[in-house]
Each structure stands twice: as C-alpha cells, then as structure tokens.
Amino acid sequence: MTVADLVSYSLVAIYSAMAVYTLAFVCFALDLAKRSAESQAVPATAGAAARTASSGTGSTTTATLERAPATPNAAPSRRFERVAFSLTVLAWVLHVLGTVLRGFANGHVPWSNMFEFSLTSSAIIVGVFILVQFWQNLRFLGAYITGFGLLLLGVGTVNFYVDVKPLPPALQSYWLVIHVFVATLATALFAIGAGLSIAQLLQARRESGKSTWLKGLQTLPDAQRLENLAYRVVMVGFVFWTFTVIAGSIWAEKAWGSYWGWDTKEVWTFIIWVLFAGYIHARATRGWRGARSAWLALVGFSAVLFNFTIVNLFFKGLHTYSGL
Amino acid sequence: MPPRRDDGVTQPTLGLVGYLRFFWRQLTNMRTALFLLLLLAIAAVPGSLVPQRSSDPNGVVQYLRDNPGLAPVLDAMQFFDVYTSVWFSSIYLLLFISLIGCVVPRTLHHLRALRAKPPKTPARLERLAGFISQPAPAGTDAAGAVEAARQVLRGAGYRVQLFDGPSLSVSAERGYARETGNLVFHTALIGVLIAVGIGGGFGYAGQKVVVEGQTFVNVLGSYDSFNPGRFFTDAALAPYRLVLKKFTAVYEEKNLDAYGQAIDYRADVTAYRPQQRAQADAIKVNEPLSISGTNVYLLGNGYAPRITVRDGHGNVAFTDSVPFLPQDTNLTSIGVIKVPDALPKQIGMIGFFYPTAKELNTGAFTSIHPDLRAPVLSLRVYTGDLGLGNGEPKSVYELNTDGLTEVAGAGTDTPALKLKPGQTVSLPGGIGTVTFENMDPAAADETRSVSRFASLDIHPDPSQQWVFVFVVLAVIGLLAGLFIPRRRVWVKAVETDGVISIEYAGLARGEDPGLEAAVADIARRHIKRLTS
C-alpha cells in the first residue's frame, strides 16, 4: 500500500466514524428526550411535585403531575441508550482505525499537527468514555461526548487538514510520544469531568426547584453524586496533567536547553494546572463545594480548549506545530 | 472576623501584634489560599498576550515599535516581564507564605497523630458509614471476636487499639500516608520555588553563532549574548573549545507535499578539553552535546556568505563570513556588512541572500528552496560615516542608514549588486570592489559554495537537579495524598441477653469513595476468620 492509499483509507474510516457518531448522537439525544418524557409522567418525589405545583409555572405541568401517580413505571428501558452506546463503540473502532492508518501513512505518531491531534484527542476522549462505563454508568453523557467528538473531527478534517509530512527536527524525539499522549489523556478526563460538572449544575438547579424543564434529570444521579464523580475523574486528569508538565519540561530541557521558559503554551499549561489545583482545593474549602467548584472545573476545561485552539492558532511561541 | 470600626459595637483595639496576628490568620486561611491560587492563574495570562523579554526579546522591541502609545504604559506595569514582575512575584510569594503557614502546623499535628493511638470507639456505630450488624458465629465469645477483628485489621494495614467500656471493641485507623503525601507535596513545591529562585542565580544563558570552520572558545568575551545569573562568576565557565567542522541540513525530497521541509539538522564538531585528546562529536536539535558539565544546544542555523571588500585603493578592507539571519522557511536571509576601514569612505551594505533564487516578474528575487541550488547575493551599498567610532554598542545585524549615502540599490540610479558565488563586482563611483567568495570552487555544483552557521545555546542551570528531585517528591506526595484513603474502622462485639452481635462501621477522613466496600470487606474477612 502506498502512502496515498493509506491516507485515503484513513479518511474513509474517519468519515464513516463521523457518520456513525452522528447516528449515536441522535440516539443519545432521543434517550435524553425519553428520560424527560418519563419524568413528566412519573414525578420522583411528592416534594418535587408540590414545589412545582406551588411555583405555578404552567398549568399543563401541574395537571400532568396530578395525574402522575396513576402510572407507576419502575425501571424504564433504556433502549435508545443501548443502541446509541453500541453505535458509539462501532464509530470508535472506525475512528481508531482511521487514526492508526494515518499514523502508518506518516511513519510517526498521528499527533504532530492540529489535524492529527484532533483525530487522536477525540479518539482518546471517546475511548476513555467507553472505558469509564466499566467503572460507572455514565452513558447519560453520551450525547455530550459524541457531540464533542464529532465537532473535533469535523473541525479537524475541514479546517485543520494538512497532508502527510515528515517530522521537523524539533519533534524528532520520543518525548513527542509521551508528552502529547499524556496531555491528551488528561484532556479526555477533563472533558468527561466537565460533562459531569455541567450535569451537576443542572441537577442542582433542578433539585433546588428553580427549573421545571430539567425534570428529565431525575433519572440521573443526584448533584452530590455527580460532584463526587466529577471530582474523581478530574483528580486523575490532574495527575496526568502534572505528568504532562513534567514530561514537557524534561523535553524542553533536552530540545531548547531550558526546562521552563514561559513560552505561551507553557503559560497556558501552567494556568490550567493552577485552575485544576484550585478545583481540587475548592472541595476542601468552606463555601466552595457544590456549584462554585463545578464552575471552576468548567473554567479549567475552557482553558484547556483555549490552549488547544486559540493558543495553537493565534499565539506566537515555540509550540508552533499546528501545521497550518 | 475582620476588624470593624464604625458599627456601634465597642471592640478591643488591636495592637500591632493583634493586627499581625489578624493578618496572619487571614493569609493562612484556606479561602485566601484558594483566592491567591486563582489570582495566580489570572496574573499569568498577560504573559501570553504580549511578548516577554525573557523568551522573546526581539518581539518586545517590535511591540514597542508597533505600539508607541500603549507599549510604554504596559512596560511601566512590567507587562513585558510578567513572571519577574512585582505583582506576579507578590502573588506567588504570598501564596507560598500562606502555604508555609498551613504546612507547618499541619506537619506538627501530623507528627503527633503518627504517634497517637486510634481514638476511642464511638458509643453508637449505627449512624456511621457502612454500618453492618451481624450475629457472631456460634461458639464465639466477645473477647475472641474482638481479637480476631484486631488481627484482620492489623493484617489490612490498620493501626489498632482495643477498648473496654460497655462492650469490647477495636478501633482502627489507616492511611496516615495520605496526610504525609499531602505535606510532602506542598513542602516539595516550596522546595521547587526555592531551588528555582536561588539555584537559578548560579547559571547563565549564552548564545554564540559559529560559522563552519570557526572555533568557539568558552570564555565570556566570545559569546554573542550572555545573561549571567545573580551569583554567576567567570569560574563557572569550563575551559573548552569547539570547532564547527560541518553543518548539514537535510531537506525532504520525495514527499511533494512537504518538498524542501527540513528533516534533519546536524552540526559536526570537534571538542577540545584541557589535557584531553580532541574528540569528534555531533549536535542535533534534540540531542545536545554534553561537555565539561554543561550542555551545548543547536537552536538555529543559516547561511554565512564570505565577503571580501577591496577599497578604492585596492587594499583588502574587509574579509569575513557574515551570518545572515533567515527570514522564512526557504532561508531568504538578511545580513549587514560594515567596512569601517575602507578608504576614502566607509562602506556599509545590506545584503539579501537567496539560496535558491528565482526572479519574480517584478524583478525582485525570492528563494524557493532552502538548499544551495542557485545561490544569489543582492547588496544595497551605502557610503559615509557608519558611526562606529563613538564607542556606542551597535548591533552587527543592523545598519543605521541615516546619514549614509546610498550608492547602489532601489533608491539610486545603480540597481542593487547581484553576485553569484565566486563573482566580483565593482562598487559604483570607483570606491572599490566586492567579492562573494565561493567556499568550494573546485566542485561541479554550488551545494557547498556558501558556508553555513550554527546558532549554539549554552545555559547550564545547576539548580535543575534539585528542581527535579523536588518535582519527583511532589509527584509521589500528590499520588499518595490523592489516592491513599484515610479511614477509621471500628468493630464492636455487643452482648445482649447472652447473644453476641458484631457491629462494623467506618469513618472517612477526606475523600474516600471506597469506604463502605472496605467496611463490608473487613466484616466478610472477620466472619471467615471466626468460622474457619
């Protein structure tokens, strides 16, 4: 097989993965809609019903609630979710295949420019999401994860695409394999953590009775549990991010002669590290548990996205490997 | 509580000590620490928005030139030196003082806790995490059950203590390494800061451009630029010299999408150390040369055309290899030649070098490949006083043309001089000639007709081993502090009406998602031991 063949097979696999991710995303979305519909029919607690009724937001809701106790529904089937998850796994296999083929076409790891980094990082985000299911059922994040992966792949292939090129001398180091891969793993965990934090914020809002349109969240873990899950995922991400900083410093010492030079990318990596260190401390700080720490996790993840997009594309510095 | 004045409540006046104590309490408060941490993240942002003197000094010069209104204001606020600025430093120093104020009492407390026995078993275990109550297996007495529990807990790494009271019980605690890890992590961060702050002062950062065939001697005067640390002395410079034998750049030939992209740079050098034989070695981008305890890094390269100028009297007024600074990936390069010794008038030239020249429709040249395939040197020539006599330091890469007369170039009747390697042309007005020397005149092609230069960076930092040691400690501490659960577990044998039931419960000290499972596991193993 020639390089050109590998490149085109890789792209076919990536486009197929995108198509299947789209189907998975639709099914996850349908599942969320169904959860919402079920909760309209089955209020979880009388307390919630009373609160909703007394708040007087829309007569339809109140009417439904009054009828509700007549329809007991213990364990609703999650058919759409099961289909969506199977599709996600299928799409992921295609996605990994496409990424690996790209690596073979390159003759080096498929994360040396922004296009390849989009492929690899989204593959790892979805891969971690699939693996996490063996530990906890977090499938309710499926729409968020597949949507996010789809977005990364779409922007990557349309906006960041570059041809197969040899590695410039600066990247010819095994630290490229370690440093960037660990950074991607950390990013994946921060992405899942951010999804959980969003769910936590919405759940807390529903639990406080402020929003009636969030009732679909009754089928999700409560805000406290979501907060704990987010914390544990981000905690592991933080450890990986620490390794990223250290591996990067060792590489910088080897390539540039100085382990830390406040290059723009280093600055943002430092900012992200500090933000997540703040998040971890926030859990032990009075007045910062709950929504505030969740917002901090989201600010941290926004900084990760900023570091990947804006800093790569528009900031001057030594990490100019976008290939664009 | 912050001290208030005009709220109608009489408060005792705080003396100086009172205020200091109040300030100390505020500073070592967790919320203040968190606030300082987040402030540090925000304060780091400006350093990525505007160029920094430490990492991009030329960028700062350019920025000052491009933004004459804003830049002086930013400069006054130290925005070009963010990471050494007063405000950034005060944030991290306050943060670290706050950290010390937290770590010291916690360390003392932890040292006491390490020697202490687990606390007395609570009277009622039902409200605690993972509570289990089950009847003791037949034939078990309370003392035997508690002793078996003690052994199970000890085996699981718990520190144990037996208690009497209304019922016999064992109180156990584990995971002291969590707090140890926590303290090690934070102390190691202080260590990193001190190592960076003090140790960095013993190092230096020097740059030197070396042309093929030239020698670099490691003494202060031979560096092109040199930034010593605060505690630097000349003795820190190891005596050695390096000769750049050859610089090789390899460019992509097969892949047309990346045609001409650099794929390898290699500087072949010979190193001479005192009392040792000369040693051939190579420096590559990710492979610095280690010599006499310091590393020499290859950070840049380019062409250094060798130029000879004869003045109007026919004397050689200048002959040297002049490093030209690359402007793009095809190595279009700019360099400056100053000939103060030319008679009757001093000569200055601004040169453009194109390794593979192509003439555009406008008549201007551009380079279409970084290798030497059709090298062309174009020179704009000036005469007049170069201003070198007044002792002011001048950049060798810049020519101030104010006060000079242009004699060849776009602004004159004579077009810029164009030379290929080996060619000599006359300067206008009979002021002399200029020769672009061919470094390899015998060769059939021009691939080695112009010398290359390597830009070498040398910045030893004796503190970095210490930084590394503290970072490794910090990581070990972080892992222990985040992942080792600290928990207390109690097992109690409760006797009611001659029937013994055994109660189990736990208490998390910090994050401990696995506590209930751990208590259940202890209970299972305890019963197994009692029944076997």
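Below is a short write-up of the structure. (Residues numbered from 1 in each chain as written. Chains lettered and ligands numbered in written order. Predicted model: local features only at pLDDT ≥ 70, side-chain atom pairs only at ≥ 80, totals over all residues. Heavy atoms only, no water.)

**So, the overall build of chain B**
Within chain B, the secondary structure is distributed over ten helices and 26 strands. In summary, chain B has a C-alpha radius of gyration of 37 Å against a globular reference of 24 Å for 532 residues, an excess of more than 25%. Seen through its principal axes, chain B has C-alpha atoms that stretch 125 × 70 × 55 Å. Scored against the burial criterion, the 532 residues of chain B give a buried share of 45%. Here the analysis covers contacts within chain B between residues at least 6 apart in sequence; of these, 61% occur between residues at least 24 apart. Only carbon and sulfur atoms are counted for the fraction: they give 57% of the accessible area of chain B, which is about 27300 Å². Side-chain charges of chain B comprise 50 positive and 47 negative groups, with the mean position of each set lying 11 Å from the other. (Helix = DSSP H or I, 4+ residues; strand = E, 2+ residues; numbered from the N terminus. Rg over C-alpha atoms; globule rule 2.2 N^0.38 Å. Buried < 20%, exposed > 50% of the residue type's maximum accessible area, 1.4 Å probe, protein only. Contact = heavy atoms within 4.5 Å. Areas by Shrake-Rupley, 256 points an atom, 1.4 Å probe, with all protein chains shown as cover. Lys, Arg positive; Asp, Glu negative; His and termini not counted. Charge placed at Lys NZ, Arg CZ, Asp CG, Glu CD.)

**So, the sheet that holds strand β5 (residues 215–217) of chain B**
Residues and elements named next belong to chain B. Pairing is antiparallel in the open sheet, where four strands are placed in the order β5-β7-β8-β9. Each edge of the open sheet carries a strand with a single partner, namely β5 and β9 (279–284). Mean inter-strand twist for the sheet, computed between neighbouring axes without regard to direction, equals 30 degrees. Bridge count between strand β8 (residues 262–272) and β9: six bridges; the pairing is antiparallel. Bridging from a neighbouring strand, Asp268 pairs with Ala282 of β9. (Pairing = 2+ DSSP bridges. Axes fitted to C-alpha atoms, helices over the stretch in contact; angles between N-to-C directions.)

**Focus: the interface of chain A and chain B**
Between chain A and chain B, the residue contacts involve 53 residues of the former and 49 residues of the latter. Interface area, chain A with chain B, both sides summed: about 4200 Å², of which 68% is carbon and sulfur. When residues of chain A are sorted by the area they lose upon contact with chain B, Pro169(A), Tyr259(A) and Trp262(A) head the list and together hold 14% of the total. At the junction of chain A with chain B, the criterion picks out one salt bridge. A salt bridge links Glu511(B) to Arg283(A), with the nearest nitrogen and oxygen atoms 2.2 Å apart. (Buried area = accessible area lost by both parts, 1.4 Å probe. Salt bridge = Lys/Arg side-chain N within 4 Å of Asp/Glu carboxyl O.)

**Considerations on helix α2 (residues 30–44) of chain B**
Residues and elements named next belong to chain B. Between its first and last C-alpha atoms α2 spans 21 Å; for 15 residues at 1.5 Å apiece the expected length is 21 Å, and the two agree. Those residues of α2 that sit buried are Ala33, Leu34, Leu36, Leu37, Leu38, Leu40, Ala41, Ala43 and Ala44. In this structure Asn29 caps α2, since a side-chain oxygen of it lies 2.7 Å from the backbone nitrogen of Arg31. (Expected span 1.5 Å × (residues − 1). Polar contact = N/O pair within 3.5 Å; in protein donor to acceptor, adjacent residues only side chain to side chain.)

**A look at the layout of surface pockets**
All names here are of chain A. In this model, the second largest pocket occupies a volume close to 890 Å³. What lines the second largest pocket is a set of 43 residues, and nearest its centre among them are Phe117, Val180, Ala183, Lys265 and Asn312. Those elements that provide at least two residues to the lining of the second largest pocket are α5 (114–132), α6 (142–159), α7 (174–207), α8 (223–255), α9 (264–282) and α10 (291–314). Among the elements that take part in the lining of the second largest pocket, α8 stands out by supplying eight residues, more than any other. Taken together, the residues of the lining of the second largest pocket break down into 27 nonpolar, 14 polar and two charged. (1 Å grid on protein atoms, 1.4 Å probe; cavity = no way out; pocket = protein on both sides within 12 Å on 5 of 7 lines; lining within 4 Å. Points joined across faces, edges and corners; volume = space filled by probe spheres on them. Nonpolar A, V, L, I, M, F, W, Y, C, P; charged D, E, K, R; others polar.)

**A word on the pattern of salt bridges**
When the charged atoms of two side chains lie near each other, side chains of opposite charge can form a pair. Residues and elements named next belong to chain B. One pass over the structure, following the stated rule, counts 24 salt bridges over all chains. Among the ionic pairs, Arg53 bridges to Asp81, the shortest N-O distance being 2.9 Å. Here Arg53, found in the loop between α3 (46–49) and α4 (57–66), pairs with Asp81, found in the loop between α5 (70–76) and α6 (86–115); they are 28 residues apart in sequence, far enough to count as distant. Judged by relative accessible area, which is 33%, Arg53 ranks as partly exposed. We classify Asp81 as partly exposed; its relative accessible area is 24%. Measuring nitrogen to oxygen at the nearest pair gives 3.8 Å for the salt bridge that ties Lys208 to Asp224. With Lys208 in strand β4 (residues 204–211) and Asp224 in the loop between β5 and β6 (225–228), this pair connects stretches of sequence that are 16 residues apart.

**Here we look at the packing of α9(A) against α2(B)**
Two numbers describe a pair of packed helices, the interaxial angle and the distance between the axes. One can describe the packing of α9(A) onto α2(B) by two numbers: an axis separation of 9 Å at closest approach and a directional angle of 160 degrees. Our classification of the angle between α9(A) and α2(B) gives roughly antiparallel. Along this stretch, α9(A) crosses α2(B), giving a crossing that reads as left-handed. Contacts from Val267(A), Phe270(A), Ile271(A), Val274(A), Leu275(A), Ala277(A), Gly278(A), His281(A) and Ala282(A) of α9(A) reach α2(B) at Met30(B), Leu34(B), Leu37(B), Leu38(B), Leu40(B), Ala41(B) and Ala44(B). Of the residues belonging to the contact of α9(A) with α2(B), the class tally is 14 nonpolar, two polar and no charged. (Parallel < 35°, antiparallel > 145°, perpendicular 65-115°, else oblique. Left-handed = near helix turned anticlockwise from the far one by under 90°.)

**A few points about empty space enclosed by the protein**
Residues and elements named next belong to chain A. Following the criterion strictly, the structure yields two cavities of 30 Å³ or more and no others. Taken as a whole, the second largest cavity spans an internal volume of roughly 50 Å³. Secondary-structure elements contributing two or more residues to the lining of the second largest cavity are α9 and α10. Per-class residue counts for the lining of the second largest cavity are two nonpolar, five polar and three charged.

**Describing the packing of aromatic side chains**
A complete count under the given rule lists 34 aromatic pairs over all chains for this structure. When the ring of Phe353(B) is compared with that of Phe436(B), the centres are 6.1 Å apart and the planes differ by 85 degrees; the resulting orientation is edge-to-face. Of this pair, Phe353(B) sits in strand β16 (residues 347–354) while Phe436(B) sits in strand β23 (residues 432–436), placing them 83 residues apart in sequence. Both residues of the pair, Phe353(B) and Phe436(B), count as buried. Linked through ring pairs, Trp260(A), Trp262(A), Phe270(A), Tyr83(B), Phe88(B) and Tyr92(B) together constitute an aromatic cluster. Here the basic side chain of Arg292(A) rests over the ring of Trp288(A), its NZ or CZ set 4.8 Å away from the ring centre. Cation over ring: Arg159(B) sits above Tyr176(B), and NZ or CZ is 4.3 Å from the ring centre. (Phe/Tyr/Trp six-rings, centres within 6.5 Å; stacked < 30°, edge-to-face > 60°. Lys NZ or Arg CZ within 6 Å of the ring centre and 35° of its normal.)

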